[in-house]
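Fold and contact review
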Amino acid sequence: MSAVELQTQRTDADHLDLAVRLAVENVAAGGGPFGADVVRDGVVVATGVNRVTAQNDPTAHAEVQAIRAACAALGTFSLAGTTLYSSCEPCPMCLASSLWARVDRVLFAADRHDAARGGFDDRAFYELFETPRSEWSVPVQQQRNPTAPAPFDAWLASVQRIDY
């Protein structure tokens, strides 16, 4: 995709079409069927595609890849003032990443039911988060020790910290 083509994308529909096109192209290249783009002031800052199997990285979802690339391009960890466009409804990890990145809004084309039909059933995660942790098949528990607050004490005492 050329720089001119990236910069001429203007409407929400255009940006969603770009995300879908990236996803389809990624499938043709052997990747997963997900694409995303991060936009500020109508200009595409960065794009991402699903690289989970290519990178052997379960966190390499299209949205996370796009967020990482946008932060690198803008030289910041905050994407305030941007919109994340995704070819599909973000999974809980990607949605949380979007919130941590402080994007202004998230728009997506396909939904979790479309993803499930394609073999990507994130519905199980949404349902899991609605279930008490005591009923999860993977234990997620606190085991507090006396040094547990030490990293936060060090953070609060640091003159070099950058709040986020």
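Residues numbered from 1 in each chain as written. Predicted model: local features only at pLDDT ≥ 70, side-chain atom pairs only at ≥ 80, totals over all residues. Heavy atoms only, no water.

**Some points on the pattern of salt bridges**
A full pass over the atoms with the stated rule returns four salt bridges. Two residues, glutamate 89 and arginine 112, come together in a salt bridge whose shortest N-O distance is 2.7 Å. Within this pair, whereas glutamate 89 is found in the loop between strand E3 (82–88) and helix H5 (92–101), its partner arginine 112 is found in helix H6 (residues 112–117), the two being separated by 23 residues in sequence. On the accessibility criterion, arginine 112 (26% relative accessible area) is partly exposed. (Salt bridge = Lys/Arg side-chain N within 4 Å of Asp/Glu carboxyl O. Helix = DSSP H or I, 4+ residues; strand = E, 2+ residues; numbered from the N terminus. Buried < 20%, exposed > 50% of the residue type's maximum accessible area, 1.4 Å probe, protein only.)

**With respect to the layout of surface pockets**
Within this model, the largest pocket holds a volume of roughly 380 Å³. In terms of lining residues, the largest pocket is bounded by 19 residues, among which Pro58, His61, Cys91, Met93 and Asp122 are the most central. Listed by contribution, the elements that provide at least two residues to the lining of the largest pocket are helix H3 (52–55), helix H4 (62–74), H5 and helix H7 (123–129). Here the lining of the largest pocket gets three residues from one element, more than from any other, and that element is H5. For the lining of the largest pocket, the class distribution of residues is twelve nonpolar, four polar and three charged. Here the second largest pocket defines a volume of roughly 160 Å³. In terms of lining residues, the second largest pocket is bounded by 13 residues, among which Pro33, Phe34, Ser87, Cys88 and Ala110 are the most central. Among the elements of the structure, helix H2 (12–28), E3 and H6 are those that each provide at least two residues to the lining of the second largest pocket. Counting residues per element, the lining of the second largest pocket draws most heavily on H2, which supplies four residues. (1 Å grid on protein atoms, 1.4 Å probe; cavity = no way out; pocket = protein on both sides within 12 Å on 5 of 7 lines; lining within 4 Å. Points joined across faces, edges and corners; volume = space filled by probe spheres on them. Nonpolar A, V, L, I, M, F, W, Y, C, P; charged D, E, K, R; others polar.)

**Observations regarding the environment of leucine 79**
By the element assignment, leucine 79 lies in the loop between H4 and E3. As a C-alpha pair, leucine 79 and tryptophan 100 span 21 residues in sequence and 9.0 Å in three-dimensional space. For leucine 79, the contacting residues outside a window of four places in its chain are Val38, Arg40, Ile67, Ala70, Cys71, Leu74, Ala101, Arg102, Val103 and Asp104. (Contact = heavy atoms within 4.5 Å.)

**A closer look at the sheet that holds strand E1 (residues 35–40)**
Whenever strands of a sheet pair, they do so through backbone hydrogen bonds, lying parallel or antiparallel. Strand order in the open sheet formed by four strands is E2-E1-E3-E4, with mixed pairing between adjacent strands. Edge positions in the sheet fall to strand E2 (43–49) and strand E4 (105–110), since each has one partner strand and no second. Direction aside, neighbouring strands of the sheet carry axes that sit 20° apart on average. Here E1 pairs with E3 via five bridges, running antiparallel. Note that in E3 the partner of aspartate 37 across the bridge is tyrosine 85. (Pairing = 2+ DSSP bridges. Axes fitted to C-alpha atoms, helices over the stretch in contact; angles between N-to-C directions.)

**Section: the environment of asparagine 145**
Along the chain, asparagine 145 falls in the loop between H7 and helix H8 (150–157). A distance of 3.0 Å separates a polar atom in the side chain of asparagine 145 from a polar atom in the side chain of threonine 147. Of note is the side chain of asparagine 145, whose polar atom sits 2.9 Å from the backbone nitrogen of alanine 148. (Polar contact = N/O pair within 3.5 Å; in protein donor to acceptor, adjacent residues only side chain to side chain.)

**Observations regarding the UniProt feature "domain: CMP/dCMP-type deaminase" (unreviewed entry) in the protein**
Under the local residue numbering, the UniProt record ascribes the feature "domain: CMP/dCMP-type deaminase" (unreviewed entry) to residues 10–123. As a span, residues 10–123 carries 45% helix and 23% strand, and end to end its C-alpha atoms are 32 Å apart. (UniProt positions renumbered as here; feature names shortened; annotations may be inferred.)

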